Each structure stands twice: as C-alpha cells, then as structure tokens.
Amino acid sequence: MKIGIIGAGPAGLTAAIELGKANKQVYIFEKGRVGENIICAEGFFDYFSEIHVELPEKLQIRKLIVQDDKNYEIPLPKTGKFYTFDRKKWQLNLADKAIFHGVKVIENTKIDKKDINSLMKDFDYLIDASGVKGVTHSFFPKEEVKIYRKYLMPTIQYKIKKDFSIYKDTIKVILLNDPPGYFWLFPRKSNGFINLANVGLGLLSKKNQLPNLKSVFSQILAKENIQITDEKIMSGPIPTKRIRHYKHKKIILSGDALGLCSPLHGGGIDTAYLSGFYIAKSIEKEDFIIYEKFLKSVDLRFFIERVFLILWEKFGSHRILSRLKNKGLFKDSPDNIPLTKNWYIKALLRLVT
Ligand SMILES: Cc1cc2nc3c(=O)[nH]c(=O)nc-3n(C[C@H](O)[C@H](O)[C@H](O)COP(=O)(O)OP(=O)(O)OC[C@H]3O[C@@H](n4cnc5c(N)ncnc54)[C@H](O)[C@@H]3O)c2cc1C
C-alpha cells in the first residue's frame, strides 16, 4: 500500500512513522525544510495523556500565572505533563525516526491544489497534514469549509532571545475580555538555559469588534517591560472549529487541516500528533472507526471547552476565575490538574452550583 502525506508537521510526521512501522510505502511531501517556519508558543499539553515521546529541551511547567485585573497563581502538579520544548528539534527527530522506518521525506516540494487529482491516482491514501490552509479543502463541502474559516482565530508572536530564568517553571497569561483572548509568555530552554521565550497574543472569539491586535500587543509588551529589538514578528491563524467530513475518497484530513485546535486556548500539537497516529492505525487495520472514535473524544473535549468560552464571553474572566478559586479548583494536588477532562467537569459543576 502506497501512502502520500502532505506536510511534515506533528500530524504528518506521526502518521508517517506509524505507517512506516507497519511496512507501508510512505512518501511525505514538505513545502520547505522539516522544522522550518514554525509559528508556535511551543507549549506541550497532553490532554488525553496518551503521548509518550521525547521532547527536546523540555521544561516542565509547574505554575500558571493568570492575570486580568487580579493575579491568580495556579499550581500545575508534577503529574500534569505541561511542558515547553524545542519544536524544531522535535520535528527533526520525528523525521529521522520516519526515515529509519523507511519513509521517503521529500523536502522543498510544495503540493498545489491542482496536483491533488493526479496524486489520488498514484496513492492509495492521501493524508492532508498541510496545516491551517488545508491544500485539499476545495474537495470538502463548501459550507463546512466556510464555517472552518469563520472560526480561524488571529494570533501574533515574537520569539525573544534573552535571559528568562526568573520565570523558571512558570508561564504567564494575561486575559482579554472583549473579545476573549490572551497574551502569553512561555519561557523556553535552549542548550539547557532558559534564555528565550515565546511571547504572543491571540483572540478566541470574533463576536465583538476585533481590536487591532498589533497595537494591543505593543501596549501589553510595554506594560510588561518587554523590549523588542530585532525579533521577527510571526502571525498565523488557529482553527477552532473542525470540518465535519474528515475523509473524501482517498483524502483524509488531520491536525490543523481538519481544525483540531482547542477553542479555549488554541493548543493543537497534541491533537495533531494523535490524529496522525489514529489515521495510521485506521489505514493499517483498514478500519476508520478507529479515527472516528478519536474524533468523537476530541469533539467532546472541544464541546466542554467551548462551554467555558461561552461563560467567559458572558460573565467575563474575573467572575469565572474568582469563583473557580473560591471553589478550590486551583489547589495544588496531584488529582487536580487544570485543563484536563476531570478538572473541566469538576469546574463546570462548581460554576453552576
Ligand atoms: C502563534 C501560535 C502559537 C501556538 N502555540 C501552540 C502551543 O503552544 N501549543 C500547542 O499545542 N499548539 C500551539 N499552536 C497550534 C499548533 O501550532 C498547531 O495546532 C500544530 O502545529 C498543528 O500541527 P499540524 O501538523 O496539523 O500542522 P503544521 O504544524 O502547520 O504543519 C503543516 C506542515 O505542512 C507544510 N505544508 C503546508 N502546505 C504545504 C503544501 N502545500 N505542500 C507541502 N507541505 C505543506 C508546512 O510547511 C508544515 O511543515 C499555536 C499556533 C499558533 C498560530
């Protein structure tokens, strides 16, 4: 069986490794070089607790500082598996692993919409792992793609190189309320030292009038006393509503191309990784129920997260956060891991009772 994969991000590389291990003939096409042009805060949070991979330059995050007009310190237990890491090195390692399992990694090869029909003739399956722009989207129902595009949320980010060791194991988040969104500062290890950080701003809703993201970002940076010198600003949208049809003939959508990012915080590395994994298992066992089952669990997760977003929009962050704090949802305990399924359910129950 011959499988073509478009895009060497977390989704494409994971699918490639698993299919390579299953002795399939796998070709992965990457428009640039593996690990190039990544726009990401490089925070890794494994919601499903299913991912067991080495993360280069891993920094375990033990505290979340969330700020609106107040300051909330949320401890993250050691069992919480919340890290920052070097995503470029990680993807290069994944590509090496794929090559080890016989995958042909073809770099500097951009697949165009017009190539898809001929690729469908050449391959038994074509996995679209091309990220947010989804090179095969025109093959999927127009209405679904329209909704997907409507829910693309804007972001901007700088990677700042300086000593961030005072942050140690802490990430900082400043919440916006109108519309909901947040500023983030994720410290990162490089060569063993915490000497860089990803600093960015993203929105989570377009309901109210969108602010000028760049000017809001500049104001926050000034207030936080973060100087920007010659860092390159990066921006890109985050897909927060998925395309319902994941498959069209031989084409299968994965990761961002399907729209698998958290509507509440925009994270999508874990779901991209797992989507690649479950697509590979589905192809291997010739049973797409495996992928569908995974997508159902993602839908449930995103449904719960969307409820929180609606509450945030309706009541503002302050009322939600103070209530969660008062109800003991930020207490430091190994069975109280913020942003996991059990935590969300507990938090929802406490918010409404
Ligand atoms: C500013 C920002 C910060 C983020 N921070 C986080 C975070 O901290 N944690 C988290 O979990 N998620 C984060 N995300 C989301 C996360 O980056 C994505 O969900 C994740 O990268 C999706 O993986 P993927 O493999 O589906 O797609 P991608 O990582 O986008 O990979 C797609 C690959 O396909 C290639 N490609 C694209 N088009 C073509 C083509 N036509 N032909 C060939 N190759 C092509 C690209 O070059 C790329 O290598 C962030 C997103 C943004 C925008």
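Thresholds, definitions, all that
Throughout, residues of each chain are indexed from 1 in the direction in which the sequence is written. Residue-level local features of this predicted model are given only where pLDDT is at least 70; pairs of side-chain atoms are given and counted only at 80 or more, and the full residue set underlies all totals for whole chains, interfaces and linings. For helices the rule is a DSSP run of H or I covering at least 4 residues; for strands it is a run of E covering at least 2, with both sets numbered from the N terminus onward. Buried, partly exposed and exposed are defined by the number of other C-beta atoms within 10 Å of a residue's own C-beta, namely 20 or more, between the two limits, and 12 or fewer respectively, with C-beta atoms placed from the backbone. Each residue gets a C-beta atom placed from its backbone, and two residues are in contact if those atoms lie within 7 Å. Should the C-beta atom of a residue, placed from the backbone, lie within 6 Å of a molecule or strand, that residue is near it. Basically, the charged four are Asp, Glu, Lys and Arg, the nonpolar ten are Ala, Val, Leu, Ile, Met, Phe, Trp, Tyr, Cys and Pro, and anything else, Gly included, counts as polar. By the convention used here, strands pair only if DSSP detects at least 2 bridges between them. Here the expected span of a helix is defined as 1.5 Å times the quantity of residues minus one. Assignment of crossover handedness uses the view with strands pointing away from the viewer, where a clockwise path from the first strand over the helix to the second indicates a right-handed crossover. Each axis is a line fitted through C-alpha atoms, and for a helix only the stretch in contact is used; angles between axes span 0 to 180 degrees, taken between their N-to-C directions.

### What about the overall build of the chain?
And then number 1: A count of helical and extended segments in the chain gives ten helices and 18 strands.
And then number 2: Dimensions of the chain along its principal axes, counting C-alpha atoms only, are 60 × 45 × 40 Å.
And then number 3: Across the 353 residues in the chain, those meeting the buried criterion constitute 42%.
And then number 4: A fraction of 72% describes how many contacts in the chain between residues 6 or more apart in sequence connect residues 24 or more apart.

### Here we look at the environment of Phe100
And then number 1: In this fold, Phe100 is placed in helix H2 (residues 87-100).
And then number 2: Since 11 C-beta atoms lie within 10 Å of it, Phe100 is described here as exposed.
And then number 3: Distance from Phe100 to Gly20, taken between C-alpha atoms, is 8.5 Å for residues 80 residues apart in sequence.

### Some thoughts on the site of the ligand
And then number 1: Neighbouring the ligand are 37 residues, the closest being Gly7, Gly9, Gly131, Gly255 and Gly268.
And then number 2: Among the elements of the structure, helix H1 (10-21), strand E11 (155-161), helix H6 (255-258) and helix H7 (269-285) are those that each provide at least two residues to the shell around the ligand.
And then number 3: Its residues assigned to classes, the shell around the ligand comprises 16 nonpolar, 15 polar and six charged.

### Some remarks on the sheet that holds strand E7 (residues 82-84)
And then number 1: Judged by pairing direction, the sheet is antiparallel, and its three strands sit side by side in the order E3-E7-E4 without closing on themselves. Only two strands of the sheet have a single partner each, and these edge strands are strand E3 (43-45) and strand E4 (59-60).
And then number 2: Bridge count between E3 and E7: three bridges; the pairing is antiparallel. For Phe44, the partnering residue across the bridge sits in E7 and is Tyr83.

### A word on H7
And then number 1: With 17 residues, H7 extends 24 Å from end C-alpha to end C-alpha; this agrees with the ideal 24 Å at 1.5 Å per step.
And then number 2: Extensive coverage of H7 is indicated by the burial of 14 of its 17 residues.
And then number 3: Trailing H7 by a residue or two, Glu286 shows a phi angle of about 50°, which is positive.

### What about the pairing of strand E1 (residues 2-6)?
And then number 1: Along E1, four of the five residues are buried, which leaves the element largely enclosed by surrounding structure.
And then number 2: Taken together, the five bridges between E1 and strand E2 (residues 25-29) define a ladder with parallel strand orientation. Residue pairing in the sheet places Ile3 in a bridge with Val26 of E2.
And then number 3: Following the backbone out of E1, through H1 and into the adjacent parallel E2, one traces a crossover that is right-handed.
And then number 4: Sheet analysis places E1 next to strand E9 (residues 125-128), joined by four bridges and oriented parallel. By the bridge assignment for E9, Ile6 is matched with Asp128.

### Observations concerning the sheet that holds strand E18 (residues 251-253)
And then number 1: Across the sheet, which stays open at both edges, the six strands sit in the order E8-E2-E1-E9-E18-E17 with mixed pairing between neighbours. Both edges of this open sheet fall to strand E8 (104-106) and strand E17 (247-248), since each of them pairs with a single strand only.
And then number 2: Against the sheet, H1 touches E1, E2 and E9, its axis set at about 165° to E2.

### A look at the environment of Gly316
And then number 1: The topology assignment puts Gly316 in the loop between helix H8 (289-315) and helix H9 (317-326).
And then number 2: Sequence separation between Gly316 and Asp86 is 230 residues, and the spatial gap between their C-alpha atoms is 34 Å.

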